[in-house]
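Residue-level listing of the chains:
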Amino acid sequence: MKKVSLILFTICKLSAFSQNCSTPVNSNFLATMQNQILSAATTTLALQKGRDVAQNNCFTSVQAKDIISLFLQDVHKTEIAKLFYPNVIDKRNFW
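Not measured: the values here are computed from a predicted model.

## With respect to the nonpolar core
Thinking step 1. Residues Phe59, Ile67, Ile68, Phe71, Ile80, Phe84 and Phe94 are the most contacted members of the largest nonpolar core, which totals 18 residues.
Thinking step 2. If you list the elements that add at least two residues to this core, you get α2 (27-38), α3 (43-56), α4 (61-68) and α5 (74-84).
Thinking step 3. The dominant element in this core, judged by the number of residues it contributes, is α3, at four residues.
Thinking step 4. Each residue touching Ile80, except ones within four places of it in the same chain, is listed here: Leu47, Gly50, Arg51, Ala54, Ile68 and Phe71.

And the structure:
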């Protein structure tokens, strides 16, 4: 019984982290976020801004790709892409 409760609790917590995305951000907001990432003083700040954007907004796969492409290192691209996935509207096009 404890295992079932733990599994249900974990599922509920994980579902709380993902948004129910139906509308992507508009192009003006996307351009602002891209400029903020590009103008970050350090890679660490740019990565943090990318994390915040990815977790708190809804995107199309093309918009996500545009932001992911701003990062130069593959490890950073992969990390940001993993964060984008739950908030991408058209997951079939996200690769």
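## Looking at α3
Thinking step 1. For α3, spanning 14 residues, the distance from its first C-alpha to its last is 20 Å, which sits close to the expected 20 Å at 1.5 Å a residue.
Thinking step 2. Taken together, the buried positions of α3 are Ala46, Leu47, Gly50, Val53 and Ala54. Buried residues in α3, looked at end-on, bunch into an arc of 125°, giving them a common side.
Thinking step 3. Of the surrounding elements, those touching the buried residues of α3 are α2, α4 and α5.

Parameters and conventions
Think of each chain on its own: its residues are numbered from 1, step by step along the sequence as written. For this predicted model, a pLDDT threshold of at least 70 governs which residues receive local features, and a threshold of 80 or more governs which side-chain atom pairs are given and counted, while totals over whole chains, interfaces and linings are taken from all residues. Here the side-chain values reflect all heavy atoms present in the structure, with hydrogen atoms and water set aside. The nonpolar core is taken to be a set of buried Ala, Val, Leu, Ile, Met, Phe, Trp, Tyr and Cys residues, with the residues joined through side-chain atoms within 4.5 Å. Only protein chains enter the accessibility calculation, which uses a 1.4 Å probe; a residue whose area is less than 20% of its type maximum is buried, one above 50% is exposed, and one in between is partly exposed. Strands here are runs of E lasting at least two residues and helices are runs of H or I lasting at least four, both read from the DSSP assignment and numbered beginning at the N terminus. Whether two residues are in contact is decided by their heavy atoms, any of which lying within 4.5 Å being enough. By this rule, a helix spans an expected 1.5 Å times one less than how many residues it contains. As used here, the arc belongs to the directions running from the helix axis to the C-beta atoms.

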